[in-house]
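What the coordinates show
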Amino acid sequence: MMKPKILSQNMSNPTPLIATRGMSPTQRTLRRFRRNRLAVVSLGIILLITLAAIFADWISPQSPYAVDLMNLRKPPSPTHWLGTDPSGRDVFARVVHGARVSLAVGVLSVALYVAVGTFLGLLSGFYGGWIDTLLMRVSDTVMALPSLLLTLMLVTLTEPNLTNIILAISLSRWPSITRLVRAQVLSVREREFVIAAHSIGVPAHLLMTRHLLPNVTAPIIVSASFGVASAILAEASLSFLGLGVRPPTPTWGEMLNSAQSISVLGGMPWFWIPPGLMVAICVLCINFVGDGLRDAFDPRMRAEEK
C-alpha cells in the first residue's frame, strides 16, 4: 500500500500533515477531531455516563428511593457499593439515576435556547432594520443580568421542577446564541452565492434555511457543547441552593445540598464525594469535547490541510 503524500510539516507540531484531497468536509472535520485524543477520550467518558443514565435501572442493584432504616449512614459495602445516605438510601443508585436529571437539563435546555437563539439570530442578521434593533436591545437587557441570578429569579417565581428549570435556563441564555448567529449571518449574507440566490428570486425563508444556516452551523455546535456543561453546573447550583428538582428525585446537586452539615462532610465522605466528582468529570469532559470541536471547525486548520 502506498503511503499518503506528506504536504507540509509545522515545526511547532511534529505531526505531519497528510493529504486530505478527496475527503468530504465532514470527513476532514472528523479527522481533525480524532487527532485531539483528549477530546476523543472525553467523548467516550460522556457516552459511558449517558449509557449509565439510560440503563440505570439495570446497573444499580438497589432502588434510589428505597429507605432502609436499618442501614443509615453506612459506609461502602458489598451490598451498598458507595454506602448509604442519612435516610438509608443507596448512594450509588442515586448517583447513577441522578445523571438522568443532569444530562436531561443540560441537553434539553441547550437544545431549546439554541433553537430559539438561532431563529432570532437569522431574523436579526438577515432582515436588519427595526427587527435587528429590537432583538439586539432585548438581548442586551437579558445579558445585563447575570445568567445564574436570572435563572434563580425565574425558578423562584415558578414551581421548582424539571420543566421549569429547563425553561429558566433557556430564557436566561438565548441571547448569546442570537448574537453569535447574527454576527455570522452578517458576514455570510454578503457572499456571492447568497447574492446570486437573492438575485434570481429565491424566497427569504429558503435563503435563510438553505444558504445561511448551513454556513453558520459550526460555531453553533461549538457554543452548544460548552452550553451543555454550563447548564449542568446551573442545575447543580440550583439544586444545591434548594431550588432544584424536589426530593426524593435524585440529582447530583440535591445530594450535595444534603451534605452541607459538618457531620456529613467530615464523617460521610462517601455521600458527597461521588456526586461532586461526577459533576466535575462531566463538565470537564464536555469542555474538552468543546475544545476539540472548536479546533476541528477552525478555518485555519482547514487552510493548513490544503
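Shown above is the structure to which this text applies.
Here we summarise the structure given alongside this text.

Basis of the calculations
Residues numbered from 1 in each chain as written. Predicted model: local features only at pLDDT ≥ 70, side-chain atom pairs only at ≥ 80, totals over all residues. Heavy atoms only, no water. Helix = DSSP H or I, 4+ residues; strand = E, 2+ residues; numbered from the N terminus. Expected span 1.5 Å × (residues − 1). Buried < 20%, exposed > 50% of the residue type's maximum accessible area, 1.4 Å probe, protein only. Arc of directions from axis to C-beta. Contact = heavy atoms within 4.5 Å. Axes fitted to C-alpha atoms, helices over the stretch in contact; angles between N-to-C directions. Left-handed = near helix turned anticlockwise from the far one by under 90°. Nonpolar A, V, L, I, M, F, W, Y, C, P; charged D, E, K, R; others polar. Polar contact = N/O pair within 3.5 Å; in protein donor to acceptor, adjacent residues only side chain to side chain. Salt bridge = Lys/Arg side-chain N within 4 Å of Asp/Glu carboxyl O. Phe/Tyr/Trp six-rings, centres within 6.5 Å; stacked < 30°, edge-to-face > 60°. Parallel < 35°, antiparallel > 145°, perpendicular 65-115°, else oblique. Disulfide = S-S within 2.5 Å.

For the rest of this paragraph, the subject is unusual backbone geometry. Most of the time, phi is negative for any residue but glycine, and the peptide bond is trans. Between Pro247 and the following residue, Pro248, the backbone shows a cis peptide bond with an omega angle of 10°. Position of Pro248 among the secondary structure elements: in the loop between helix H10 (217-240) and helix H11 (252-257).

The end-to-end C-alpha separation of helix H5 (residues 129-143) is 21 Å, in line with the 21 Å expected for 15 residues at 1.5 Å each. Taken residue by residue, H5 has Asp132, Leu135, Met136, Ser139 and Val142 as its buried positions. Projected down its long axis, H5 shows its buried positions confined to an angular sector of 120°, all on one face. Opposite the buried face of H5, at more than 90 degrees from it, the exposed residues are Trp130 and Thr141. Check the buried side of H5 and you find it contacts helix H4 (91-127), helix H6 (147-157) and helix H7 (162-188).

It is worth spelling out the environment of Leu123 at this point. Looking at the secondary structure, you find Leu123 in helix H4. For the pair Leu123 and Leu256, spaced 133 residues apart in sequence, the C-alpha separation works out to 42 Å. Dropping the residues within four chain positions of it, Leu123 is found in contact with Gly128, Ile131, Leu135 and Met208.

The contact between H4 and H7 brings their axes to 5 Å, and the two run at 35°. As H4 packs across H7, the resulting crossing turns out to be right-handed. Looking at the contact of H4 with H7 residue by residue, the class counts come to 20 nonpolar, 8 polar and 2 charged.

Turning our eyes to something else, we now look at the side chain of Ser109. Topologically, Ser109 is positioned in helix H4. A polar side-chain atom of Ser109 sits 3.5 Å from the main-chain carbonyl oxygen of Gly106. Ignoring sequence-local partners within four residues, the contact set of Ser109 consists of Ala104, Ile166, Ile169, Ser170 and Ala231.

Turning to the pattern of salt bridges, a few remarks are in order. Following the criterion strictly, the structure yields 8 salt bridges and no others. When the shortest N-O distance is used, the salt bridge between Glu190 and Arg189 registers 3.4 Å. For Glu190, a relative accessible area of 51% puts it in the exposed group. Taken together, the shared-partner salt bridges in this structure form one network comprising Arg137, Asp140 and Arg179.

Glancing now at the packing of aromatic side chains. Tallied over the entire structure, the rule returns 3 aromatic pairs. For the ring pair Trp81 and Phe92, a centre distance of 5.0 Å and an interplane angle of 55° mean the geometry is tilted. With Trp81 in the loop between helix H3 (56-59) and H4 and Phe92 in helix H4, the pair connects residues that are 11 residues apart, well separated along the chain. Judged by centre distance (5.0 Å) and plane angle (90°), the rings of Phe126 and Tyr127 are edge-to-face. Note on Tyr127: relative accessible area 44%, which makes it partly exposed.

Attention shifts here to the packing of H6 against H7. Packing of H6 against H7 brings their axes to within 9 Å, and their N-to-C directions diverge by 140°. Judged on the interaxial angle alone, H7 and H6 are oblique. Here H6 and H7 pass one another in a crossing that is right-handed. Listed contacts from H7 to Ser147, Leu150, Thr151, Leu154 and Val155 of H6 are Asn164, Ile165, Ala168, Ile169, Leu171, Ser172 and Arg173. For the contact of H6 with H7, the per-class residue count stands at 7 nonpolar, 4 polar and 1 charged.

Under the defined criterion, the tally for this structure stands at 0 disulfides. In this structure Cys282 is a free cysteine whose sulfur lies 7.2 Å from that of Cys285, the closest cysteine sulfur available. Residue Cys285 is classed as buried on the basis of its relative accessible area, which comes to 7%.

Mapped onto the elements of the fold, Thr151 is located in helix H6. One polar contact links Thr151 to Ser172, side chain to side chain, over a distance of 3.0 Å. If near-sequence neighbours (up to four positions away) are discounted, Thr151 is found in contact with Ala168, Ile169, Ser172 and Leu238.

On their own, these measurements won't tell you what the molecule is for.
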